[in-house]
Amino acid sequence: MVARLTPDQKVACSIHEILILMDAAKGLEVPGETLEAEAKAFFDSAPPLQNSDGITQQLDQFIQRNSSPSTRRIVCVTSGGTTAPLEQRCVRYVDNFSSGHRGATSTEYFLKAGYAVIFLYRKRSFQPFCRSLPDDPLLECFKPTDESNIQVCEAYSEAVKRAVVDHHNAVAGGLLLKLPFNTIFEYLQMLQIIAMSMRCIGPRAMFYLAAAVSDYYVPWKEMVEHKIQSGSHLLDVKLIQVPKMLSMLRKDWAPLAFCISFKLETDSNILLNKAGAALEKYKMDAVVANELSSRKEQVVVVTSAEKVTVQRDKNRSDNVENPLIKLLSEKHAIYIEHSGRCV
Ligand code: 9Z3
């Protein structure tokens, strides 16, 4: 598949723009064995993850710490968009739309619901506990008192205190582990490591996959090393489909975990059908369907048994994530109970 882009164009378009270009390649079913071969090829050719031993160690400690009491549930929340680099020494990349608001806000409600959270997030995306802060908290929340001292501005003092205290309590209390990614290579390698580490807690593990993940990428070995030079009228970039790792997660990496993926569309007429198809195809326990412009107001939780519309309570100036996490947490509890009976 070939995307034609002008050389000086800033290549940071939304997943939807790329999907339009790639539509022709969609819908091709990949049999299980081929998927495994494709996944292997993806991981074999990906640039090695920096500090993978350190990440594994952090995860093992976190999971062990949260394994007692043995009733504690652990959720991996993915958040923000992955990038697909076009050059190895990356100047240009294809980006996926996601501010990270969904993942960051959900993390807060999961913590409130008693979960320990592994927050796998895009660098510089929204962070948990920072919702009430302005866009540039450092420069807007603080002011100098003299040459050597600064203080919190009165208007933000309560918001800053809450953010710092709640964040500190979650991280220092061992309930929140934050792991950053940038690229699709980093994201999928880290998701695999997390899933393998969480296998030992069986059905108490949940995956809440809110990150917007690249559908297409340039394989590392086919990528040019240096910055693509301008000069010709058209730029040919060959992007290939990212193997559908949701299937790998479900089947091989964390077969007992409670898995929730998201389906994002801009056309609400196709949203629920697409969510239902994803539920079936990837054997998810639930798919959260959201339409781009209304995603902060309402979502639909699609399971094999029902479709539940979840709405933000406007009267309480609430977030849609509050009732959403309540519902998913209840469904997860039933899933654990049922798994116990099946063992
Ligand atoms: C979502 O649908 C998320 O809810 C949003 C959240 C990205 C819309 P924000 O971060 O937005 O609060 O600004 N995430 C998943 C999107 C996605 O790429 N899903 C894939 C698809 O729709 C399946 S994995 O095909």
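Residues numbered from 1 in each chain as written. Predicted model: local features only at pLDDT ≥ 70, side-chain atom pairs only at ≥ 80, totals over all residues.

## Thoughts on the overall build of the protein
Check the secondary structure of the protein and you find 10 helices and 16 strands. Here the protein, with 343 residues, has 36% of them falling under the buried criterion. Here the analysis covers contacts within the protein between residues at least 6 apart in sequence; of these, 71% occur between residues at least 24 apart. (Helix = DSSP H or I, 4+ residues; strand = E, 2+ residues; numbered from the N terminus. Buried ≥ 20, exposed ≤ 12 C-beta atoms within 10 Å, placed from the backbone. Contact = placed C-beta atoms within 7 Å.)

## Quick notes on the site of the ligand
Taken together, 14 residues lie around the ligand, and Ser99, His101, Arg102, Phe262 and Leu264 are the ones closest in. Of all the secondary structure elements, the ones that give two or more residues to the shell around the ligand are helix 4 (101–112) and strand 13 (258–265). Looking at the shell around the ligand, the element that brings in the most residues is strand 13, giving 4 residues. (Near = placed C-beta within 6 Å.)

## Some words on the environment of leucine 272
Among the structural elements, leucine 272 can be located in helix 9 (residues 268–281). Contacts of leucine 272, omitting those with residues within four sequence positions, involve Ala289, Val300, Val302 and Lys307.

## Thoughts on the UniProt feature "domain: DNA/pantothenate metabolism flavoprotein C-terminal" (unreviewed entry) in the protein
Taking the numbering used here, the UniProt-annotated feature "domain: DNA/pantothenate metabolism flavoprotein C-terminal" (unreviewed entry) corresponds to residues 203–319. Secondary structure within residues 203–319 divides into 20% helix and 32% strand; the distance between the first and last C-alpha atoms comes to 27 Å. (UniProt positions renumbered as here; feature names shortened; annotations may be inferred.)

## Considering the nonpolar core
Counting residues in each nonpolar core, the largest one holds 83 residues, and the members touching the most others are Val117, Ile118, Leu120, Met198, Phe207 and Ile260. If sequence neighbours within four positions are ignored, phenylalanine 207 has contacts with Cys76, Leu249, Ala254, Ala257, Cys259 and Ile260. (Core = buried A, V, L, I, M, F, W, Y, C linked by C-beta atoms within 7 Å.)

## Quick word on unusual backbone geometry
Phi angles above zero are rare outside glycine, and arginine 124 is one such case at about 65 degrees. With respect to the secondary-structure elements, arginine 124 resides in the loop between strand 5 (116–122) and helix 5 (137–141). Phi at lysine 283 is positive, roughly 55 degrees, even though this residue is not glycine. Assignment of secondary structure puts lysine 283 in the loop between helix 9 and strand 14 (286–291).

## Section: the pairing of strand 14
Taken across its 6 residues, strand 14 has 5 buried, putting it largely inside the fold. In terms of strand pairing, strand 13 meets strand 14 through 6 bridges, oriented parallel. Bridge pairing links leucine 264 to asparagine 290 in strand 14. Crossover handedness for the path strand 13 to helix 9 to strand 14: right-handed. Across 3 bridges, strand 14 lies against strand 15 (residues 298–302) in antiparallel orientation. Across the sheet, the residue bridging to valine 288 is valine 301, located in strand 15. If you look at the hairpin formed by strand 14 and strand 15, you'll find 6 residues sitting between the two strands. (Pairing = 2+ DSSP bridges. Right-handed = clockwise from strand over helix to strand, strands pointing away.)

## Section: the packing of helix 3 (residues 52–65) against helix 7 (residues 184–198)
Their axes nearest at 10 Å, the elements helix 3 and helix 7 cross at an angle of 35 degrees. Pair helix 3 / helix 7 crosses with right-handed handedness. Residue-level inspection shows Ser52, Ile55, Thr56, Leu59, Asp60 and Ile63 of helix 3 in contact with helix 7, the latter providing Met190, Ile193, Ile194, Ser197 and Met198. Taken together, the residues that form the contact of helix 3 with helix 7 break down as 7 nonpolar, 3 polar and 1 charged. (Axes fitted to C-alpha atoms, helices over the stretch in contact; angles between N-to-C directions. Left-handed = near helix turned anticlockwise from the far one by under 90°. Nonpolar A, V, L, I, M, F, W, Y, C, P; charged D, E, K, R; others polar.)

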